[in-house]
Amino acid sequence: MDLPVEFIAEIKNIVPDFEAFISSFDNKPSRAFRVNTLKVSDEVLLGAMGKREAVPYAEHCYYLGEDEKWGNHPFHHAGLMYMQEPSAMATLSAFPVKGGIALDMCAAPGGKTIALSGMVDCLVSNEVNPARAATLKGNIERMGLKNVAVTNFFPSEIEKYGEIFDVVLLDVPCSGEGMFRKDETAVREWSKAHSISCVARQKAIIRSADKVLKRGGTLIYSTCTFSKRENEDVIDDFMSEFDYELVEPRGTVADFTAYLTDRRMRRFYPHLASGEGQFFAALTKRGGGESKPPKATKRASDKEVDAFLLDTIGKTLPYSEHNGIFYVPALPFELSGKVALGGVRIGRREGKVFKPDHNFFSAYGSEMYNFEPSEEELSRYLHGEELFGDRVGYGAITILGGAIGGFKGVDGRYKNLYPKGLRRNQ
Ligand SMILES: C[S@@+](CC[C@H](N)C(=O)[O-])C[C@H]1O[C@@H](n2cnc3c(N)ncnc32)[C@H](O)[C@@H]1O
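Residues numbered from 1 in each chain as written. Predicted model: local features only at pLDDT ≥ 70, side-chain atom pairs only at ≥ 80, totals over all residues.

Peer 1: I'd like to hear about the packing of helix H10 (residues 192–212) against helix H11 (residues 232–241), residue by residue, with values.
Peer 2: At their nearest, the axes of H10 and H11 sit 10 Å apart, and the two run at 40 degrees to each other. Taken together, H10 and H11 sit at an angle that is classed as oblique. Here H10 runs over H11; the crossing is right-handed. Of the residues in H11, those touching H10 at Val199, Gln202, Lys203 and Ile206 are Val234, Asp237 and Phe238. For the contact of H10 with H11, the residue count by class is four nonpolar, one polar and two charged. (Axes fitted to C-alpha atoms, helices over the stretch in contact; angles between N-to-C directions. Helix = DSSP H or I, 4+ residues; strand = E, 2+ residues; numbered from the N terminus. Parallel < 35°, antiparallel > 145°, perpendicular 65-115°, else oblique. Left-handed = near helix turned anticlockwise from the far one by under 90°. Contact = placed C-beta atoms within 7 Å. Nonpolar A, V, L, I, M, F, W, Y, C, P; charged D, E, K, R; others polar.)

Peer 1: Which residues make up the site of the ligand, and what values do they have?
Peer 2: Taken together, the neighbourhood of the ligand is formed by 17 residues, with Cys106, Gly111, Lys112, Asp171 and Pro173 sitting nearest. Those elements that provide at least two residues to the shell around the ligand are helix H6 (111–117) and H10. Looking at the shell around the ligand residue by residue, the classes come out as nine nonpolar, three polar and five charged. (Near = placed C-beta within 6 Å.)

Peer 1: Run through the nonpolar core, naming residues and quoting values.
Peer 2: Across soluble globular proteins, you tend to see nonpolar side chains buried next to one another. Within the largest apolar cluster, 109 residues are counted, with the highest numbers of intra-cluster contacts made by Ala90, Ala102, Val168, Leu170, Ala209 and Leu219. Two domains share this core, each providing at least three of its residues, namely domain 1 (5–30 + 85–285) and domain 2 (369–426). Sequence-distant contacts of Leu170, defined by excluding residues within four places in its chain, comprise Met105, Cys106, Ile205, Ile206, Ala209, Leu219, Ile220 and Tyr221. (Core = buried A, V, L, I, M, F, W, Y, C linked by C-beta atoms within 7 Å. Buried ≥ 20, exposed ≤ 12 C-beta atoms within 10 Å, placed from the backbone. Domains from an automatic or database assignment.)

Peer 1: Explain the sheet that holds strand E18 (residues 370–371) residue by residue, including any values.
Peer 2: In a beta sheet, neighbouring strands pair by backbone hydrogen bonds and run either parallel or antiparallel. One open sheet holds the five strands; their spatial order is E18-E20-E21-E22-E19, and the pairing between them is mixed. Pairing within the sheet leaves two strands with one partner each, and these edge strands are E18 and strand E19 (387–388). By the bridge criterion, four bridges tie strand E21 (residues 402–410) to strand E22 (residues 413–416) in an arrangement that is antiparallel. Within the sheet, the bridge partner assigned to Lys408 lies in E22 and is Lys415. (Pairing = 2+ DSSP bridges.)

That is the geometry; function is a separate question.
See below:
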């Protein structure tokens, strides 16, 4: 692979075993996936996919062969798995935060958000780019996550919330040097000037993060670039101004990485482990304070919604309403402004009729009547066709026990509720 001369000049003296590093660019990128344990166990999914090697530092994560294609497979449609680059799995494995309210400031398409949602009580998953925020929302719905709200703010717009988060994850936009093997555009578009412009953005983003992190909270910073100026230098610059302390990463992850200036800031290299380039560090906030969270979300009450909940999952849930859409809030407080997803959407009223939402079947499918179709029936379902069965009322279509979508049973027919935009065309 032809790498930019200026990039090589910059990196030559900072990478251990430079010759092996350069040779690694001729190898194929490494691929992996995470099992969505909200919907299926590792054992059941691997039983169906075939056994494979576990990513040694990340729970529920496994490598994929270079030619394996799962993107259009029913397991993927049902959110049983999420494809993620193996080194990107290392960041959150290195710093196992537990509980509290988290913010993922640069979240799309959502790999790290999905991992983080399983570690904390609730999460605001933010993405500045509207199209990418839509993809993020789709991924969160597919995985059936209940504790994630999606927002579409510029980082400085989030500052208004004050110091309310226990964890802030910053997987910041960067010059992408670590992705050269996967993405030729990243090689073509690389320039020193672009890397320098990334630093300005990174410094602004990390300062916005400080404004919303509580005292004692954890700030996790990561990039997919090797550039020292975008990694260690950004952290050093930040720590020279703010009262933070670096956190020791877990040994099981650190063993697969190297470091440049401080052993607590880790670098994942493609010639030292199976994966692309990644940098990560975590810091504990020593100064600052704690702000009062925004006001609690107002609860709604609606007879049709209550009846629907009782019919499907046999109980009611606390829910809210926004613009005619009923949802189970992901957060204990209300976010105003650019909120793309406030929690799990139950459905909306159209006149007197209540229309349930796909999001509800994906997230709460395990709690309702399940219909596990044959392979032929599943294919018909994914193409938008009706199935047949005895259930009267709503239920979830499942695969390996994980809900892919909903149906409504009437007169022996299962009306297909899988959204048109997600259906298979052929
Ligand atoms: C490295 S990607 C995030 C990947 C994501 N964390 C994941 O695991 O799937 C960085 C994200 O930052 C967003 N971004 C770009 N400019 C930004 C800015 N000025 N402030 C915040 N985010 C920005 C990009 O749109 C992109 O989605």
